[in-house]
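Examining the three-dimensional arrangement
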Amino acid sequence: MAMFDDKAFIISHLRNSYITSDDTGICEMVIENENWQDKYGDKKAEMMKHRSFPSNLCDSGLYSSDSELSTSCDIVSDMDFGAHRRRSNTAQRLERMKKEKRNQSKIKHVPWKSAPLQYNAQDQGFLFEKKDVTSADRQSGSRLSRQLEKSDALPNNPFSDYAKFDGKAHAGVATKNIDIFLTMAPKDERSYPMRVVTIATAKVHDLIGLICWQYTNQNRRPTLRPELHLYSLHIPEDDGDVDMDFPCLDNKEPMHKFGFTKLALVQKKVVPLVNRTAPVVTVTVPHRGFSKFQVQSENILMKDVLKKSLDKRKIKQIKGLSYMLEKQSEPGVALDLDASLGSVGTLEFCLVREHSTRGDLHEEFSDTSSVADSLSSHQYKSYIVSLVHKIRANSDVQLGISGEKVEIDPVASKGTKLFRQSRKAVTYEADNIAECDIVEEKAPGKATFRLVYLSGHEYKHHDFESDTSTAKEIVQKLNNILELRPGLVRKEYLTQKAKKHPKRQSSLS
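None of the values given here were measured: they were computed from a predicted structure. Each chain carries its own residue numbering, running from 1 in the written order of its sequence. Per-residue local features are limited, in this predicted model, to residues with pLDDT of at least 70; the limit for side-chain atom pairs, both in listing and counting, is 80 or more; totals at the level of whole chains, interfaces and linings are taken over all residues. For side-chain calculations, the full set of non-hydrogen atoms in the structure is used, while hydrogens and water are omitted.

1. Re the sheet that holds strand β7 (residues 323–327)
Overall, mixed pairing links the four strands, which are arranged β6-β5-β8-β7 in an open sheet. Bordering the open sheet on either side are β6 (289–294) and β7, each of which pairs with just one other strand. Strand-to-strand twist in this sheet, taken as the mean axis angle between neighbours without regard to direction, amounts to 30 degrees. Pairing analysis gives five bridges linking β7 to strand β8 (residues 348–353), with the strands arranged antiparallel. Among the inter-strand pairings, Y323 is bridged to a residue of β8, identified as R353. Whether two residues are in contact is decided by their heavy atoms: any pair within 4.5 Å suffices. Axes, fitted as lines to C-alpha atoms, cover a helix only where it is in contact. Angles between the N-to-C directions of the axes lie from 0 to 180 degrees. A run of H or I in DSSP becomes a helix once it reaches four residues, and a run of E becomes a strand once it reaches two; helices and strands are each numbered from the N terminus. Sitting on the sheet, helix α9 (residues 302–313) touches β5 (280–285), β6, β7 and β8, and the angle it makes with β6 is about 120 degrees. Think of it this way: DSSP has to see at least two bridges between two strands before they count as a pair.

Structure representation (structure tokens):
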């Protein structure tokens, strides 16, 4: 701590401190305009009396008091302050000497010595010895031509037009890295995706072509088909499995629209095209309908046509029992089985047993069919029929019939989602089936049949509607099953039914 008894010095010091510490300059303007001489003029004169300084020095200002105020110069920061300090000449000279010394260490001085007049090549080796240069067999063509010749062995890539969408060949263009799972690859390679880099402006169709191009260049197996429309991109799981319930990406959409980092290349199933120019043969079985099937060409023999028709009708040929074909328009005239289809002049035929007429064939088929139906009744077969409801609309169900049980499974029908009610599948044992019979035959080929079953201690029924032929087939199949395995339920139901009929006849009389 410093003790001062000079008030004028302290006031002057404070004034100067305010002026120098104020960056705005307001303190300097306020303090300098204050009349300092009026307040402290007398005191200054008294102080100057006690000091023995020459008058000329005092007037010059060299020995002026600290308490005097004077206008000082502006304070300017020196360049030597902080990081911009100017180095001394000695430091600069030392640094220059170090740099010269460092450069001199890299210079190697080799003294020059005069060579001897005579040079012994045997002892010191030959200098600039002449060598025997033989003409080497130069290969014809440039290196580029040789590489092009080697490239002929590479597989021909039908997807070369899509190589321009490869992002690795473009600089300064936005690209996308996508892992592609190959579903057509072997099972041990499907879980390892192939990394493909494509430009962001490419479309889905272009990306598919780029994937096929890179797949072919890497000589992967199996080889891809050249038709690009047979492939599509799907969204896979993390392990590469594809859920085919979700649709594929639209080929016209750009890839920058999607944020997927993993996709799967899926090959579409090829549907074989039907040869519409191939002839269609119609073979009619008397009283049993007709069959249509397509043959390769008109050069096929008639015996092959006969064999196809028998296979389609599932007719077994027995020794001593043969069949022949007749023209539908010419009954009784058998065709030559060694003749071609084109030479016959028609595509409509009739199947007839040898030494028989068209009516005899109906009796034969009716007998054999009844036996076959009775033997095959226990085999499971399903039908799509309509379950009749009293209040709401009919619903489609699948009626499965076998020798042990009858199953009724609901089938979802289109356009009825808002009004469909939940219905569970039911199963009835064959021993609980009492009767099955046709209730009503409608005009446009529809029929209603009823299935009676035992539920608890009472008999209930279901009414079904279908076309007449299906209804008759179902009723015949169930009746064959009930006849081959008669049960107590059916006997009691027939007994009760027989008791009700006399009461109805007596009431009518």
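Once you've had a look at it, read on.
2. Things to note about a positive patch on the surface
The patch calculation keeps residues exceeding 30% relative accessible area without a salt bridge and links them within 9 Å when they carry like charges or within 5 Å when they are nonpolar (Val, Leu, Ile, Met, Phe, Trp, Tyr). Every accessible area reported is derived by Shrake-Rupley at a probe size of 1.4 Å, with residue values counting cover from the shown protein chains alone. Counted as salt bridges are all cases of a side-chain nitrogen of Lys or Arg within 4 Å of a carboxyl oxygen of Asp or Glu. Neither His nor the chain ends contribute to the count of charged residues, in which Lys and Arg are positive and Asp and Glu negative. To locate a charge, take NZ of a lysine, CZ of an arginine, CG of an aspartate or CD of a glutamate. Side chains of R93, R96, K98, K99, R102 and K106 sit close together on the surface and give a patch of like positive charge. Mapped onto the fold, R93 is located in helix α5 (residues 89–105). For every residue, the accessible area obtained with a 1.4 Å probe (protein chains only) is divided by the maximum for its type, and the residue is called buried under 20%, exposed over 50%, and partly exposed between those limits. Classification of R93 by relative accessible area gives exposed; the value is 56%.

3. Overview of the nonpolar core
Formed by 30 residues in total, the largest nonpolar core has its most connected members in L182, L207, I211, L233 and L265. For this core, the secondary structure elements donating two or more residues are β1 (175–182), β2 (194–199), α8 (204–217), β3 (231–234) and β4 (262–267). Sorting elements by how many residues they give to this core places α8 first, with eight residues. Sequence-distant contacts of I211, defined by excluding residues within four places in its chain, comprise I180, L182, M194, V196, L233 and L265. Grouping buried Ala, Val, Leu, Ile, Met, Phe, Trp, Tyr and Cys residues that are joined through side-chain atoms within 4.5 Å yields what is termed a nonpolar core.

4. A few points about the pattern of salt bridges
All chains considered together, the criterion is met by eight salt bridges. The partner of R450 in a salt bridge is D463, with the nearest N and O atoms 2.8 Å apart. Remark: D463 occurs in strand β15 (residues 458–467) and R450 occurs in strand β14 (residues 446–455); sequence separation between them is 13 residues. Judged by its relative accessible area of 30%, R450 falls in the partly exposed class.

5. Observations concerning the pairing of β6
The pairing of β5 with β6 spans six bridges and is classified as antiparallel. Residue pairing across strands places V285 opposite G289, the latter belonging to β6. Connecting the antiparallel pair β5 and β6 is a turn made up of three residues, with H287 showing a positive phi of about 60 degrees.

6. Focus: a nonpolar patch on the surface
A grouping of F4, I10, L14 and Y18 is seen on the molecular surface, where their side chains present a nonpolar patch of about 410 Å² in accessible area. Within the element layout of this structure, Y18 appears in helix α1 (residues 7–21).

7. Considerations on a negative patch on the surface
Taken together, the side chains of E237, D238, D239 and D241 define an acidic patch exposed on the protein surface. Note that D241 resides in the loop between β3 and β4.

8. Comments concerning the confidence of the model for the protein chain
Values of pLDDT, which run from 0 to 100, indicate the predictor's confidence residue by residue. For the protein chain, per-residue confidence averages 78 on the pLDDT scale, and residues scoring 70 or more make up 74% of the total. Every residue in residues 51–71 is under pLDDT 50, and counting partners more than four places away or in other chains gives 20 contacts. In the model, residues 505–509 has pLDDT below 50 throughout and makes zero contacts with residues more than four positions away in sequence or in other chains.

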